[in-house]
Amino acid sequence: MEMVPTSENVPEEIRRFVINSFLFGKDGADFSNDDSFLEKGIVDSTGILELIGFLEERFQIKVADEDLLPENLDSVNRVAAFVNQKRAG
Amino acid sequence: MRRDGRVGLAHRRLSIIDLAGGQQPMSNEDGSLWTTYNGEIFNYLELRKDLEARGHRFRTKSDTEVILHAYEEYGDSCVDRFNGQWAFAIWDARKARLFLSRDRLGVRPLFFTIADGHFIFASEIKAIFCHRAVPRAIDPEALDQVFTFWHTQPPRTIFRDVQIIPPGHSMAVEAGKVRSWPYWRLDYALNDAPVDEAALTAQLRELLVDATRLRLRADVPVGAYLSGGLDSTVITGIIKRFTDTPLKTFSVVFEDAEFDESGYQDEAIRHLETEHHQVKCTKADICRVFPDVIWHTETPILRTAPAPLFILSDLVRQHGYKVVLTGEGSDEMLGGYDLFKEAKIRRFWGAQPKSRCRPLLLKRLYPYMKNLQSQSDSYLRAFFHVDAEKLNDPLFSHIPRWDLTAKLKSFFSGDVLAALRARDAVADMRSALDTRFPTWTPFAQAQWLETTGLLPGYILSSQGDRMSMAHSVEGRFPFLDHRVVEFSSRLPPRLKMKGLDEKYLLKRAAKDLVPAAVLRRPKQPYRAPDAESFFAGGKAREEYVDELLSAKRLRDDGLFDPGSVSLLLEKVRRGRAIGVKDNMAFVGILSTQLCLAKFVEETGVN
């Protein structure tokens with residue numbers, strides 16, 4: 001079984017997931033960790049669910065319906081902060 | 001086959017009217033006119049009577065001969081008198097002129113090209129490719145359109161050197177020149193008369209009964225599709241009530257409850273007492289028939305939904321039937337699609353973007369989409385493009401669909417993207433809108449986009465004519481009788497969708513013809529399992545899937561990026577491709593690769 005990542009490489013893992021699952025390997029270079037998923041058209045309604053599925057499985061956290069907000073989930077850095085906060089709490 | 005030096009006409013017939021006498025190519029009495037024709041003119045008996053009164057003499061009982069005499073009498077405008085679905089050419093030897101025409105809504109296909117100084121036409125692209133002078137290549141701009149709208153925009157086809165005559169158009173080839181023109185156009189200008197709902201209900205019913213009656217004309221038995229939805233049940237109900245036709249009906253059922261409608265089918269069968277036959281379509285079936293499906297669609301598709309209809313027409317043919325009536329066209333004409341409802345809600349919300357209640361309507365619209373139910377307003381607003389500034393965009397209704405689909409273009413190869421750099425399919429669409437478009441209601445604008453776009457480009461072709469004709473079964477569509485179309489387009493939108501009650505007037509007009517459960521049921525879009533059909537236990541079910549999507553093959557073919565496709569493939573293989581976008585991408589890429597293999601490279605697959 002894979003190790004649960006430390007908080008330092010959380011953004012990297014999330015970034016890799018987004019690039020592989022939503023961008024299918026493309027646009028890696030011109031996509032920054034602060035870019036909005038919505039503005040860049042990276043996630044659709046199913047994408048949000050895929051992202052949640054990944055976070056819950058990989059980082060062993062529980063995401064509640066009320067967490068489903070762009071404030072938490074709309075960029076690599078926001079997701080990473082959200083994950084770290086969940087794991088701390 | 002008929003040759004006269006300058007022109008050759010050929011025909012392969014599916015005999016439905018005047019089995020013995022209707023042989024083609026057919027000429028008039030003195031051999032000055034010759035025709036080859038695919039389709040049906042349903043009012044041929046009335047036309048024939050009129051023509052006989054004007055002195056025309058007939059040798060056969062076919063509708064083909066009626067076309068010839070109608071052309072003799074009325075020239076190019078003969079088509080204005082036709083009620084039907086047709087693609088035909090008439091060689092006028094005296095004028096050395098070829099006249100071609102395609103029905104108003106685009107039921108029957110008519111392709112053409114000019115190669116090596118020849119004008120070549122056929123009802124299938126594969127027939128045109130039999131001429132060695134016709135180059136075979138995929139058109140990147142057409143691919144761009146498919147990966148935006150789900151279909152190409154006529155006259156474009158997926159093949160660079162083959163064109164299609166648009167619905168409602170005629171064409172003349174004369175003195176080395178080709179000219180085409182629209183002989184009919186949709187018009188959504190509202191009726192001036194005060195709205196009398198009861199009278200309109202009666203009128204719609206009368207028109208539908210007559211449209212169905214005309215479409216039962218055949219010298220072979222006629223059956224019907226019964227999907228469990230309102231439209232096909234209405235048509236079957238009309239046949240039952242108003243004619244003596246012994247009724248055989250046909251349907252597809254699915255293993256998966258998400259797609260299956262057999263519960264409603266059973267209700268309809270019990271109520272209408274038809275002799276019913278059904279075929280079960282499994283994921284393995286879809287994967288197995290998919291290469292044959294693409295051989296018949298002759299264009300890439302983004303959904304597998306045509307495949308079960310390919311299997312269904314096989315069932316119909318096995319029962320010895322050549323003709324079926326279906327409910328196609330009702331959603332476009334009478335306001336059934338979720339897309340219309342969605343646009344209405346988005347408009348309603350967009351007018352008050354801060355409202356907390358209005359977004360709830362979107363969740364209610366798609367109860368079966370679990371991914372929407374838990375979304376916050378800010379996400380819904382973004383996904384559905386709810387923005388006060390966009391309310392006046394003429395393409396408002398369709399932008400979310402096209403925008404989502406266009407995301408699939410990220411799978412195109414660098415070469416294809418480079419070729420498309422200066423192109424914008426949606427901008428082209430904007431500039432091709434009917435000049436009267438701005439004068440119509442927003443509801444009618446959405447209807448026009450749907451009726452001139454997806455209906456002929458996908459529903460009637462890839463999912464309709466091509467799937468039924470693959471097994472020599474002819475589909476007939478009472479809702480597409482031009483009298484029904486012209487009547488419906490002039491109705492006020494509130495009679496099509498009252499509040500969020502879709503097809504309001506139709507439900508009123510048909511309430512005693514269909515079981516109450518079908519009348520009241522929530523609308524379910526017809527769908528089939530997509531990407532998941534092609535894999536079992538992490539492996540492709542058929543060799544062709546791996547073969548056509550291998551990195552080497554993709555690189556050699558040059559249309560898609562092998563790296564991106566392999567990541568998608570991996571996601572699908574692991575059962576992780578749950579979204580619409582991934583599914584459309586997979587089916588779109590696989591079907592494009594099949595088009596290449598079957599038509600361009602002729603390497604075949606299987």
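Residues numbered from 1 in each chain as written. Chains lettered and ligands numbered in written order. Predicted model: local features only at pLDDT ≥ 70, side-chain atom pairs only at ≥ 80, totals over all residues.

(A) Seen up close, the overall build of chain B. Summing up its helical and strand segments, chain B has 28 helices and 20 strands in all. Its C-alpha atoms put chain B at 70 × 60 × 45 Å along the principal axes. A buried classification covers 49% of the 606 residues belonging to chain B. The contacts of chain B with a sequence gap of at least 6 include a subset with a gap of at least 24, amounting to 71%. (Helix = DSSP H or I, 4+ residues; strand = E, 2+ residues; numbered from the N terminus. Buried ≥ 20, exposed ≤ 12 C-beta atoms within 10 Å, placed from the backbone. Contact = placed C-beta atoms within 7 Å.)

(B) Just the confidence of the model for chain A, in detail. Predicted confidence across chain A gives a mean pLDDT of 87, with 90% of residues reaching 70 or more. Within chain A, helix α4 (residues 76-88) of chain A carries the highest mean pLDDT (94), whereas helix α2 (residues 45-59) of chain A carries the lowest (90). (pLDDT = per-residue confidence, 0-100.)

(C) Here's a closer look at the interface of chain A and chain B. Listed by partner, the interface residues are 18 residues for chain A and 22 residues for chain B. Mapped onto the side of chain A that touches chain B, the elements with two or more residues apiece are α1 (10-21) and α2 of chain A. A per-class count over the side of chain A that touches chain B returns seven nonpolar, seven polar and four charged. (Nonpolar A, V, L, I, M, F, W, Y, C, P; charged D, E, K, R; others polar.)

(D) Region of the structure containing the environment of B:A199. Residue and element names in this part refer to chain B. Along the chain, A199 turns up in helix α5 (residues 197-214). According to the C-beta neighbour criterion, A199 is exposed, with 11 such atoms within 10 Å. In this structure, the C-alpha to C-alpha distance between A199 and A516, residues 317 residues apart in sequence, is 23 Å.

(E) A look at the nonpolar core. In terms of nonpolar packing, the biggest core is built from 164 residues, with B:A89, B:L100, B:F111, B:V324, B:L505 and B:F586 touching the most fellow members. Residue contributions to this core peak at 11 residues, all from helix α28 (residues 580-600) of chain B. Domain assignment of the residues forming this core places at least three in each of domain 1 (2-182) and domain 2 (531-600) of chain B. Listed in part, the 27 residues of the second largest apolar core include A:V63, A:L73, B:L362 and B:F384. (Core = buried A, V, L, I, M, F, W, Y, C linked by C-beta atoms within 7 Å. Domains from an automatic or database assignment.)

(F) Seen up close, the pairing of strand β14 (residues 275-281) of chain B. Residue and element names in this part refer to chain B. Examined bridge by bridge, strand β13 (residues 248-254) and β14 share seven bridges and lie parallel to one another. Across the sheet, residue K248 finds its bridge partner in β14, namely E275. Note on the crossover from β13 through helix α7 (residues 262-272) to β14: the handedness is right-handed. (Pairing = 2+ DSSP bridges. Right-handed = clockwise from strand over helix to strand, strands pointing away.)

(G) Region of the structure containing the domain arrangement of chain B. All names here are of chain B. Domain boundaries in chain B define domain 1 (2-182) and domain 2 (531-600). Its C-alpha centre places domain 1 at a distance of 37 Å from the equivalent point of domain 2. The partner domain 2 presents seven residues to the eight residues of domain 1 that form the contact. Looking at side-chain class alone, the side of domain 1 that touches domain 2 contains seven nonpolar, no polar and one charged residues.

(H) Summary view of the packing of α5(B) against helix α21 (residues 482-489) of chain B. All names here are of chain B. At a minimum axis distance of 9 Å, the contact between α5 and α21 shows a crossing angle of 160 degrees. Viewed along their axes, α5 and α21 adopt a mutual orientation that is roughly antiparallel. Like other packed secondary-structure pairs, α5 and α21 cross with a definite hand, here left-handed. Facing Q203, L204, L207, L208 and A211 of α5, the residues of α21 in contact are R483, V484 and F487. Here the residues of the contact of α5 with α21 sort into six nonpolar, one polar and one charged. (Axes fitted to C-alpha atoms, helices over the stretch in contact; angles between N-to-C directions. Parallel < 35°, antiparallel > 145°, perpendicular 65-115°, else oblique. Left-handed = near helix turned anticlockwise from the far one by under 90°.)

(I) Highlighting the sheet that holds strand β8 (residues 118-122) of chain B. Residue and element names in this part refer to chain B. In space, the three strands of this open sheet follow the order β8-β7-β9, with antiparallel pairing throughout. The sheet is open, and its two edges are formed by β8 and β9 (163-164), each paired on a single side. Alignment of strand β7 (residues 111-115) against β8, held across five bridges, turns out to be antiparallel. What sits directly across from I114, in β8, is F119.

(J) Layout of the sheet that holds strand β16 (residues 474-476) of chain B. Residues and elements named next belong to chain B. Strands sit in the order β14-β13-β12-β15-β16 across an open sheet of five strands; the sheet is parallel. Taken across any chain shown, the strands that pair with only one partner, and hence form the sheet edges, are β14 and β16. Strand-to-strand twist in this sheet, taken as the mean axis angle between neighbours without regard to direction, amounts to 30 degrees. Strand direction decides the pairing type here: strand β12 (residues 222-225) and strand β15 (residues 323-325), joined by three bridges, are parallel. Within β15, the position partnered with V222 by the bridge is V323.

(K) Quick look at the environment of B:E29. Residues and elements named next belong to chain B. With respect to the helices and strands, the residue E29 is situated in the loop between β3 (26-27) and β4 (33-41). Here E29 falls in the partly exposed class, since 13 other C-beta atoms lie within 10 Å of it. Considering only alpha carbons, one finds E29 and H69, 40 residues apart in sequence, at a separation of 9.6 Å.

(L) Region of interest: helix α8 (residues 283-297) of chain B. Residue and element names in this part refer to chain B. A rise of 1.5 Å per residue sets the reference length of α8, with its 15 residues, at 21 Å; its end C-alpha atoms lie 19 Å apart and thus fit the reference within 8%. The sharpest bend along α8 measures roughly 50 degrees and falls at F290, with the proline P291 sitting one to four residues further on. Buried within α8 are the following residues: K283, I286, C287, V289, F290, P291, V293, I294, H296 and T297. Looking at the buried positions of α8, the neighbouring elements they touch are β14, α9 (306-318), α20 (461-469), α25 (543-548) and α28. Looking one or two places after α8, you find E298, whose phi comes out positive at around 55 degrees. (Expected span 1.5 Å × (residues − 1). Bend = angle between axes of the 7 residues up to and from the residue.)

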